[in-house]
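Chains, contacts and geometry: an overview
Chain residues, written in single-letter form:
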2 protein chains.
Amino acid sequence: MQIGKQSLQFDEAPYIIASASIVGKKESEGPLGNYFDVVGEDDKFGQDTWEEAESTLQKEAFQMAVGKAGLKKEDIRYLFSGDLLGQNIATSFGLMDYQVPLFGLYGACSTCGEALSLGAMCVAAGYADYVVSMTSSHFASAEKQFRFPLEYANQRPKSATWTVTGSGAYVLGKRKSKSRITGITTGKIVDYGIKDSMNMGAAMAPAASDVICQHLKDFDRQPDYYDKIITGDLGTIGQEILIDLAKQQGYDLSGIHADCGIEIYDGKRQGTGAGGSGCGCSAATLSAYYLKQVQEARLHKILFVPTGALLSTVSFNEGMTVPGIAHAVVIEHAS
Amino acid sequence: MQIGKQSLQFDEAPYIIASASIVGKKESEGPLGNYFDVVGEDDKFGQDTWEEAESTLQKEAFQMAVGKAGLKKEDIRYLFSGDLLGQNIATSFGLMDYQVPLFGLYGACSTCGEALSLGAMCVAAGYADYVVSMTSSHFASAEKQFRFPLEYANQRPKSATWTVTGSGAYVLGKRKSKSRITGITTGKIVDYGIKDSMNMGAAMAPAASDVICQHLKDFDRQPDYYDKIITGDLGTIGQEILIDLAKQQGYDLSGIHADCGIEIYDGKRQGTGAGGSGCGCSAATLSAYYLKQVQEARLHKILFVPTGALLSTVSFNEGMTVPGIAHAVVIEHAS
């Protein structure tokens, strides 16, 4: 069951029974716009504040995923969720009405990988029949938390990424479905000393490379074992660095790598800089786009690697670096 | 293995192989001062900022606990840790040098319960031989994050609690020791609509009562099954509310309840208001004071219930409530 230094392979791999995605207006106008389950007309989602809007994303994603699985909230034994905001307020206020026992997580934009890992571990161990793993982000609440309020209308360098307004939720359990989580590799914090909060791709790429290469070593696999290796939100600059770093470790990812942050927007047309980012980027894109392909056997095996930059304004203003972390999840077609 | 609605009982209960505590000056001057492993002379712990000081607490606690267990950092397969600060910066910067795969957690001051729960689940399932579960808080970094910088010298109402400067770390594994985690009950968010950030005991007591009563129902136990039921940081006001709420559910906790926040300071002499609080309060007090009594069979069975108030300045300033969460961990003497 324990594989190599940082990985697990599940004897009884849990199934992804259902999933749901919800995104904002800009995401609906991107290349994947037609794939998401629900699209908001107004990024406030009927709420008074951006934070409540983000909570609404989690609320809706949970309800849709549980409904698609044919379950009720009472059937869900544990919730694994987190978000980017200080003290996880999008999660707390979004999910508290459901009254499901909660493990609150923080892994920056790697949270979807962390939540799927812990959820899968929990189901595979027999601790729960059904769990929900999920996360969210919102462009406006993130800008307010990490950079400038939108009203300030600041300019952004081209290396900056655009926080996705969205949420993705996954019901995991032992009941058979068309996809399952067969293994995980849990990441360490990797710090290359990047201090530029407007270049998160560079901050996260070393952590992505570290966990992907460790995963391939632990399982004794080559990159082409997978149909795709899909990172969360490295963007165009982070992708280039990842491919370079992995090559130094002897792995050629160039033909096989994809990034949710690159796929979700048309950067040139939509002015989104280096790509999409935020916990919701990989969470919504996996559910809407890649997971469907796995379920339909258009992709057989993918390595899903949400990537997080452990950025905080407090540490940033004190001159600290922006370390990265990433968690890898093996998702396979099940027939 | 699944017990009742929210609980697990472990078939092979993981052992608490070793633990360590470190606290600041004020905690060393309190009633438990002599019990902690390490006491700082200066609450900056040799660092330039309060946040780095808190990171140092985690760094030291990890190293001591792993050392006491006779292990090296390479032996630790997973780290479960979190703290109160936005984006868990005390954890990230404190623990990244150890290069151990990390599950970042956020449960406010319930984090020690969350970390011990997930760590125990992980070991009991055979996913790891050794894990470390830990957390920290620091008075000055918490005041800066949640209330006013210390330099402002604001006054505090008597209902306010005093954030403990401290950290506690626990090495869990299958190797026999004198104490083990035999079961857990995972809490839900409970919101009674409290909006007073200077009365956290009132915000947390409903969640504590909820998880304790659910635990007793799930395991079909009465409070006196335990030698003590020990909450994290309810303080004197929260304790009164907890006992009232549990009585309404038919459970009399009055003779059996203790609170780390009440024990750690001499409120009258030390001017700490309703008691100690913060993730580090229960984490350091369990390690230094209660766990030793379990190991020496002076206490045979305790229910340890770290309590968290999901407070954020952003949600608070937007007029939102302060919801609570608590997680219960059964710790028993092993011979």
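Anyway, here's the lowdown on the structure attached to this text.

Analysis parameters
Residues numbered from 1 in each chain as written. Chains lettered and ligands numbered in written order. Predicted model: local features only at pLDDT ≥ 70, side-chain atom pairs only at ≥ 80, totals over all residues. Heavy atoms only, no water. Contact = heavy atoms within 4.5 Å. Buried area = accessible area lost by both parts, 1.4 Å probe. Salt bridge = Lys/Arg side-chain N within 4 Å of Asp/Glu carboxyl O. Polar contact = N/O pair within 3.5 Å; in protein donor to acceptor, adjacent residues only side chain to side chain. Nonpolar A, V, L, I, M, F, W, Y, C, P; charged D, E, K, R; others polar. Phe/Tyr/Trp six-rings, centres within 6.5 Å; stacked < 30°, edge-to-face > 60°. Buried < 20%, exposed > 50% of the residue type's maximum accessible area, 1.4 Å probe, protein only. Lys NZ or Arg CZ within 6 Å of the ring centre and 35° of its normal. Helix = DSSP H or I, 4+ residues; strand = E, 2+ residues; numbered from the N terminus. Least-squares fit on C-alpha atoms with pLDDT ≥ 70 in both. Pairing = 2+ DSSP bridges.

Each partner contributes residues to the interface: chain A has 62 residues there, and chain B has 63 residues. Where chain A abuts chain B, roughly 5100 Å² becomes buried across the two surfaces, and 62% of that area is made up of carbon and sulfur atoms. The interface formed by chain A and chain B contains two salt bridges. Taken together, the connections running from chain A to chain B amount to 30 residue pairs in polar contact (both at pLDDT 80 or more). Considered class by class, the residues forming the side of chain A that touches chain B number 32 nonpolar, 20 polar and 10 charged.

A separate point is the packing of aromatic side chains. With the rule as written, the count across this model stands at 20 aromatic pairs over all chains. Plain terms: the ring middles of Tyr78 of chain B and Phe80 of chain B are 6.4 Å apart, the flat faces sit at 55 degrees to each other, and that makes the pair tilted. As far as the burial class goes, Tyr78 of chain B and Phe80 of chain B line up, both buried. Aromatic rings pair up to connect Tyr35, Tyr289 and Tyr290 of chain A into one cluster. When the ring centre of Tyr225 of chain A is taken as origin, the NZ or CZ atom of Lys301 of chain A, which lies over that ring, is 4.7 Å away. Geometry around Trp162 of chain B places Lys26 of chain B over its ring, the cationic atom sitting 4.3 Å from the centre.

Another aspect to go through is the side chain of Thr231 of chain A. The residue Thr231 of chain A is located in strand S11 (residues 228-231) in this model. Excluding its chain neighbours within four sequence positions, the residues that come into contact with Thr231 of chain A are Ala208, Ile212, Leu242, His257, Ala258, Asp259, Cys260, Val305 and Thr307 of chain A.

It takes a turn of 180 degrees to lay chain A on chain B, together with a shift of 0.0 Å along the axis; the resulting RMSD is 0.0 Å. Taken together, the rotation and translation relating the two chain copies correspond to the operation of a two-fold axis. Comparing interface residues between copies, 100% of those in chain A also lie at the interface in chain B; the contact surface is shared.

Attention now goes to the side chain of Ser55 of chain B. Residues and elements named next belong to chain B. In this fold, Ser55 is placed in helix H2 (residues 50-68). According to the relative accessible area criterion, Ser55 is buried, its value standing at 6%. Residues within four places of Ser55 in sequence aside, it is in contact with Ile89, Ala90, Phe93 and Gly94.

So, about helix H5 (residues 139-146) of chain A. Working note: α-helix, 3.6 residues per turn, so residues spaced by three or four point in the same direction. For H5 of chain A, a buried count of seven out of eight residues is recorded, marking the element as mostly surrounded by other parts of the structure. Buried within H5 of chain A are the following residues: Phe139, Ala140, Ser141, Ala142, Glu143, Gln145 and Phe146 of chain A. Where H5 of chain A is buried, its residues touch helix H2 (50-68), strand S7 (130-137), strand S8 (162-163) and helix H11 (313-317) of chain A together with helix H11 (313-317) of chain B.

Okay, the pairing of S7 of chain A next. Residues and elements named next belong to chain A. The buried count for S7 comes to eight of eight residues, which makes it a mostly enclosed element. Across five bridges, strand S5 (residues 78-82) lies against S7 in parallel orientation. Pairing of Leu79 across the sheet is with Val132, part of S7. In the sheet, S7 pairs with strand S9 (residues 166-173) via eight bridges, with the strands oriented antiparallel. Opposite Met134, over in S9, you have Ala169 as the bridge partner.

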